[in-house]
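If you want the building blocks of each chain, they are given just below.
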Amino acid sequence: MADITRQEAAHLLRRTGFGNRIEDIKSLSARSRNKAVDQIIDYGRVNNQEMEDRLTANFEFLRASSPDSINDQNFNDAEIRAWWIFRMLLTHRPFEEKMTLFWHNFFATSLDKVPAIHIYTQNLDLRSHALGRFDDLLLKISQGAAMLIWLDGINSTRTNPNENFGRELQELFSTGINDAVTGEANYTEEDVKEVSRAFTGWRLRKSADPSPFAYEWYLDENEADHGQKTIYGQTANFSGQDVITVLADRRTTARFLVKRLFEFFVYRLDTESDEDRATIDKFADVYFANDHSIRELVRAIFKSEEFFSPRARFALIKNPVEFLIGSMRMLEASVGFGSTGARPAILETSLRTMGMDLFSPPDVFGWKLNDGFVTTDAMLVRFNIADRLMYFLGGGRFVKSSAKKTVKKMLDSFGLLEIDSAVEKRLQDYLALNSAGVPVGWNSSDISAIGKIKNLGRLIMCLPEHHLN
Amino acid sequence: MKATRREFIKQSSAAFSIAMLMPGLSISRPQQSGRKILALVQLGGGNDGLNTVIPYKDPRYHSLRPSIGFKEEELKDAEGNSTIINSEFAFHPALSELKGLFQQGRLAVVQGVGYPNPDLSHGISNLIWETADVSKQPRLGWLGKYADSALAGKSSLAAVSIGFNSLPRVLAASKVNPVAIRRLGESPFRVINAAETDNVLRAFRDNISREFPAGSFLEKLARVGANAERSGGQLQEAIEAYHSSVIYAEANPVAQALKTVAVLATVFPDATIFHVAFPSFYDTHARQIGTAEAPRNKHLGTHATDLKRLSEAIKAFYDDMVEQNLADDVLLMTYSEFGRRPNENASLGTDHGTASNLFVVGNKVKGGDFYGLQPSLNATDFDTAGNMRFTTDFRSVYATVLDRWLEGGDSEAVLGARFPLLGFL
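Given the structure is predicted, the values throughout are model-derived calculations rather than measurements.

S.K.: I tried to follow helix 19 (residues 376-391) of chain A on my own but got confused; where do I start?
M.R.: An α-helical turn contains 3.6 residues, so a residue and the one three or four places further along point in the same direction. The first and last C-alpha atoms of helix 19 of chain A sit 23 Å apart over 16 residues, in line with the 22 Å expected at 1.5 Å per residue. Most of helix 19 of chain A is tucked away: 14 of the 16 residues are buried.

Quick look at the structure:
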């Protein structure tokens, strides 16, 4: 197979991670597409100890060994947000974090209702199960403290089942309301009631493990409904675990999952189009041929012709995490960890004001992706963060002898950004202006050069093209 | 005549004054302008109508809700004043401000609002309410369609979404471009390296005013981006031009959102329709009453908190509109994708339901009255899911607002059919 081109490598890195530095693009080239994809997906082989060590050194709660070693000061909403943001900034396994972000948006639990301790452990579960069998992930998350609280499972009783989880399990976490290919209804209101019965008695308790984060699921036999239930026309004494197994094996679940993955990582699908419906089914087949393996499903997606097609290139809009973390990784902007209670505010605050407060999605549907993030004030925040990021950056390494080379260097630093020559020319013209707006030519040794470079980076980060992914 | 986008930006790069930035748009303080402004307030998640306007005399209400239902003697607000309205209905005790507005004739209640073949999914039911179309297809929003026909040619602040993350479908339009604002107060486009401000702004505007294929992501990014830079300064000036003695509680997200409406409605004469959303817990599957310390206290808990915020916010907003001389010009209406199950569940909560009630507020509202009928709470009258059957089609509510309130509104054109109008306007 032909080697991956630089542009293809840049595309692959943009989608599977946060930004794409020139060195990363280079390290993927001289490989086949398949090898490049494998290298990214099989991230377990990549040593991430340096990041782990730095996080452990800087976050007190990561060193906690007994329940009383965490408290409101060293463990809270802001602290776990900072922890994840620094993970994404420092990781050597970007795809691991990207998949975790995908699943966070998929299950969409929020600190608005669930205590930080459970949101944090759910995040660890999402990461460790991100590429496993879908059944295992779904069960792990369903039995996790965060979900049991989020959708009220812990209060659901045999005599009066709570429908919140039973409904969302189907609508949001497995089949969707209608089949992604045929459009047929996937379940009835009666199915919602019957599925809800199967999850009665699911409860939560602190486990014997001394870790302050260790809680466990258990079944309260008195509150569990062991009776016969009819689900999708089949009658049996289904348990909650049985229902999850049934759901994970429905073709419509595979289609739903493919659609969600595809629209997050490749391009938006048109379910009215025969071609796109065929695409969904093609990857649903991969799911079944590989025993519901998420890893093999995403591997097939990233190796596909669809992924490398022109239709996929720059077909999505960067979400705020991709914009912020990606820009910082590409610029190699270093931000100090600060200390508990005094973390650098720009990261958490700007994600929130751009509309993507981590661990606080707007509702059970997660964030509206792509142009969902393109609101008037959110764009203003993006433009102003760009100014701040560049202002605090040492710009010297971007300075080249000519305006043309300088602009080229900066565009390449933003992941081989493709823009038309008129814009490139305009950026070169900007470099040539003195502060009175008079073109005097680019002088790389002038005292103003570094300031101009920073504004150049900011202008590039404000280009609509930089907000595409 | 509206300037084309290209002309617009050409003009705007010349100078920085508001008047020149937004041709046809000036900051002023309209007095008794005779405008028709609508603030549509979304209670996202499915508000429990039965515990909002409470049929406290109906014994079936109490048997359906033995734990979370309000007994007659419990219908008192924090000051001990009764929130009973008449011999049938009472407001939730948290709604003391709204009860006051009702008694002043400024607030009306519409009851039993719903649609045929109710869908219990948040997403689908919201879609139906947003599009006013029960076909469940992702069509344009009902206010988007109104904006297309009546607000084309006005400034982009004629239709505004205030809330979190993205434009709601209710404002999805084909001809106009409603603006989405999460909150006021973002810094305007800033250049830390101040000496370079003019150069940077010029280059920024030249880059962002390029033509991109219509409907593409690039086009949207460029259009909203250009607008962000332009309106960033404008909104900043709006905040400075707005003065009010009314205090909107800082910690109340509804109040903060309605304050944004007040600022824009006061300062921009073009401002016409607002959609207002905010974080809330109306999806009360569990523990809609009580706290950890007092689990059975009906006056505490998520639903009481949300309703209190709503009540205080609407009161502040109404008072502000009076102060701004706009009380005759503003209509505020609440809505929610569905109500909740009449029968409480075992979690001190309620599952997804159907018909519910909504509030309409304003000087021109025929307030202090109920419109539509409270659906029967007889079990035999419920649908197969155990939910109430609606009595008032939600499109009748919309039709009334379109035909009797909004300038140039035409309910048949927007809704695709005629629906009986209600008497609240």
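So that's the structure; there's more coming.
S.K.: Where do I start with a positive patch on the surface in this structure?
M.R.: Taken together, the side chains of Arg6, Lys26, Arg397, Lys400, Lys405 and Lys409 of chain A define a basic patch exposed on the protein surface. As for its placement among the helices and strands, arginine 397 of chain A is situated in the loop between helix 19 and helix 20 (403-413).

S.K.: Any chance you could explain a nonpolar patch on the surface here in plain terms?
M.R.: A grouping of Tyr391 and Phe392 of chain A together with Ile192 of chain B is seen on the molecular surface, where their side chains present a nonpolar patch of about 310 Å² in accessible area. Tracing the sequence through the fold places isoleucine 192 of chain B in the loop between strand 6 (179-181) and helix 7 (197-208). Take isoleucine 192 of chain B: its relative accessible area is 31%, and that puts it in the partly exposed class.

S.K.: Teacher, can you tell me more about the domain arrangement of chain A here?
M.R.: All names here are of chain A. Split by domain assignment, chain A resolves into domain 1 (6-308) and domain 2 (394-469). Relative to domain 2, the C-alpha centre of domain 1 lies at a distance of 41 Å. The partner domain 2 presents six residues to the nine residues of domain 1 that form the contact. Carbon and sulfur atoms supply 46% of the area buried between domain 1 and domain 2, which totals about 680 Å² over both sides. In terms of surface lost to domain 2, no three residues of domain 1 exceed Gln7, Arg14 and Ile22, which account for 55% of the buried area on that side. Taken together, the links from domain 1 to domain 2 amount to three residue pairs in polar contact (both at pLDDT 80 or more).

S.K.: It is not clear to me how the environment of isoleucine 119 of chain A should be interpreted in this structure. Could you clarify?
M.R.: All names here are of chain A. By secondary structure assignment, the location of isoleucine 119 is in helix 7 (residues 116-128). The class for isoleucine 119 is buried, based on a relative accessible area of 2%. Here the alpha-carbon distance between isoleucine 119 and threonine 109, two residues 10 residues apart in the chain, equals 7.5 Å. Setting aside chain neighbours within four positions, we find isoleucine 119 in contact with Ile80, Thr109, Ser110, Leu111, Val114, Ala146 and Phe359.

S.K.: Would you take a moment to explain the nonpolar core for this structure?
M.R.: Residues Phe95, Met99, Trp103, Phe107, Phe134 and Phe173 of chain A are the most contacted members of the largest nonpolar core, which totals 166 residues. When we break this core down by domain, the ones giving at least three residues each are domain 1 (6-308) and domain 2 (394-469) of chain A. Each residue touching methionine 99 of chain A, except ones within four places of it in the same chain, is listed here: Ala130, Leu131, Leu261, Phe265, Ile294 and Val298 of chain A. The next biggest cluster of nonpolar side chains, apart from the first, holds 57 residues, and it includes Val109, Ala257, Ala316 and Leu332 of chain B.

S.K.: Got a minute to help me understand the interface of chain B and chain A in this structure?
M.R.: How big an interface is tends to be stated in terms of accessible area lost as the parts join. Facing the 57 residues of chain B at the interface are 65 residues of chain A. Surface buried jointly by chain B and chain A totals about 5200 Å² across both partners, of which 60% is contributed by carbon and sulfur atoms. A salt bridge links glutamate 465 of chain A to arginine 210 of chain B; the nearest nitrogen and oxygen atoms lie 2.7 Å apart. In this structure, the connection of chain B to chain A is made through 21 residue pairs in polar contact (both at pLDDT 80 or more). Contributing elements (two or more residues each) for the side of chain B that touches chain A: helix 5 (122-131), strand 6, helix 7 and helix 8 (217-241) of chain B. If one sorts the elements of the side of chain B that touches chain A by residue count, helix 8 of chain B sits on top with 12 residues.

S.K.: What is the right way to read the pattern of salt bridges from this model?
M.R.: Pairs can form between side chains of opposite charge once their charged atoms are near each other. A complete count under the given rule lists 61 salt bridges over all chains for this structure. Between arginine 295 of chain A and aspartate 42 of chain A there is a salt bridge; the shortest N-O distance is 3.1 Å. A residue pair is termed long-range when its members are at least 10 positions apart, and arginine 295 of chain A in helix 15 (residues 294-303) and aspartate 42 of chain A in the loop between helix 3 (33-41) and helix 4 (49-58) qualify at 253 residues. Taking the shortest distance from any N to any O, the salt bridge between lysine 220 of chain B and aspartate 371 of chain A comes out at 3.6 Å.

S.K.: Even after reading the chapter, I still don't get the packing of aromatic side chains, so can you show me in this structure?
M.R.: For any two aromatic rings, the description comes down to two numbers: the centre-to-centre distance and the angle of the planes. Residues and elements named next belong to chain A. For the coordinates displayed, the defined rule picks out 52 aromatic pairs over all chains. An angle of 75° between the planes, with centres 4.9 Å apart, marks the rings of phenylalanine 264 and phenylalanine 265 as edge-to-face. Considered together, phenylalanine 264 and phenylalanine 265 belong to a single accessibility category, that of buried residues. The positively charged end of lysine 98 is found above the aromatic ring belonging to phenylalanine 18, 5.4 Å away from the centroid. Its guanidinium or amino end placed over the ring of phenylalanine 323, arginine 382 lies 5.2 Å from that ring's centre, counting from NZ or CZ.

S.K.: How should the layout of surface pockets be read in this particular structure?
M.R.: To locate leftover empty space, one rolls a probe as large as a water molecule over the atoms. Residue and element names in this part refer to chain A. Taken as a whole, the second largest pocket encloses approximately 760 Å³ of empty space. Around the second largest pocket, the lining is made up of 33 residues, and of these Arg21, Asp24, Thr91, His92 and Arg329 lie nearest the centre. Taken together, the elements giving at least two residues each to the lining of the second largest pocket come down to helix 1 (6-16), helix 2 (22-28), helix 3, helix 4, helix 5 (77-90), helix 6 (94-107) and helix 17 (320-331). Each residue belonging to the lining of the second largest pocket can be placed in one class, and the counts come to 16 nonpolar, 10 polar and seven charged.

S.K.: It is not clear to me how the packing of helix 8 (residues 134-142) of chain A against helix 12 (residues 240-248) of chain A should be interpreted in this structure. Could you clarify?
M.R.: Geometry of a packed helix pair, given as the angle between the helix axes and the separation of the axes. All names here are of chain A. Interaxial distance between helix 8 and helix 12 falls to 9 Å at its minimum, and their mutual angle equals 145°. Classified by chirality, the crossing of helix 12 by helix 8 is right-handed. Where helix 8 abuts helix 12, its residues Phe134, Asp135, Leu138, Leu139 and Ser142 lie against Gln241, Ile244, Thr245 and Ala248. Looking at the contact of helix 8 with helix 12, its residues break down into five nonpolar, three polar and one charged.

S.K.: So what exactly am I meant to see when it comes to the side chain of threonine 272 of chain B here?
M.R.: Residue and element names in this part refer to chain B. By the secondary structure assignment, threonine 272 is in the loop between helix 9 (253-267) and strand 7 (273-276). What makes threonine 272 buried here is its relative accessible area of 8%. Within the structure, the side chain of threonine 272 is placed 2.7 Å from the backbone oxygen of aspartate 270, a separation counted as a polar contact. Apart from residues lying up to four places away in sequence, threonine 272 is in contact with Lys36, Ile37, Leu38, Tyr146, Leu151, Lys154, Leu157 and Ala158.

S.K.: Please clarify how unusual backbone geometry should be interpreted in this entry.
M.R.: In this structure, alanine 108 of chain A takes a positive phi of about 55° despite not being glycine. Among the structural elements, alanine 108 of chain A can be located in the loop between helix 6 and helix 7. A relative accessible area of 0% places alanine 108 of chain A in the buried class. Even without glycine at this site, asparagine 117 of chain B takes up a positive phi of about 50°.

Reading the values: the criteria
Residues numbered from 1 in each chain as written. Chains lettered and ligands numbered in written order. Predicted model: local features only at pLDDT ≥ 70, side-chain atom pairs only at ≥ 80, totals over all residues. Heavy atoms only, no water. Helix = DSSP H or I, 4+ residues; strand = E, 2+ residues; numbered from the N terminus. Expected span 1.5 Å × (residues − 1). Buried < 20%, exposed > 50% of the residue type's maximum accessible area, 1.4 Å probe, protein only. Patch = residues over 30% accessible without salt bridge, like charges linked within 9 Å, V, L, I, M, F, W, Y side chains within 5 Å. Areas by Shrake-Rupley, 256 points an atom, 1.4 Å probe, with all protein chains shown as cover. Salt bridge = Lys/Arg side-chain N within 4 Å of Asp/Glu carboxyl O. Lys, Arg positive; Asp, Glu negative; His and termini not counted. Charge placed at Lys NZ, Arg CZ, Asp CG, Glu CD. Domains from an automatic or database assignment. Contact = heavy atoms within 4.5 Å. Buried area = accessible area lost by both parts, 1.4 Å probe. Polar contact = N/O pair within 3.5 Å; in protein donor to acceptor, adjacent residues only side chain to side chain. Core = buried A, V, L, I, M, F, W, Y, C linked by side-chain atoms within 4.5 Å. Phe/Tyr/Trp six-rings, centres within 6.5 Å; stacked < 30°, edge-to-face > 60°. Lys NZ or Arg CZ within 6 Å of the ring centre and 35° of its normal. 1 Å grid on protein atoms, 1.4 Å probe; cavity = no way out; pocket = protein on both sides within 12 Å on 5 of 7 lines; lining within 4 Å. Points joined across faces, edges and corners; volume = space filled by probe spheres on them. Nonpolar A, V, L, I, M, F, W, Y, C, P; charged D, E, K, R; others polar. Axes fitted to C-alpha atoms, helices over the stretch in contact; angles between N-to-C directions. Left-handed = near helix turned anticlockwise from the far one by under 90°.

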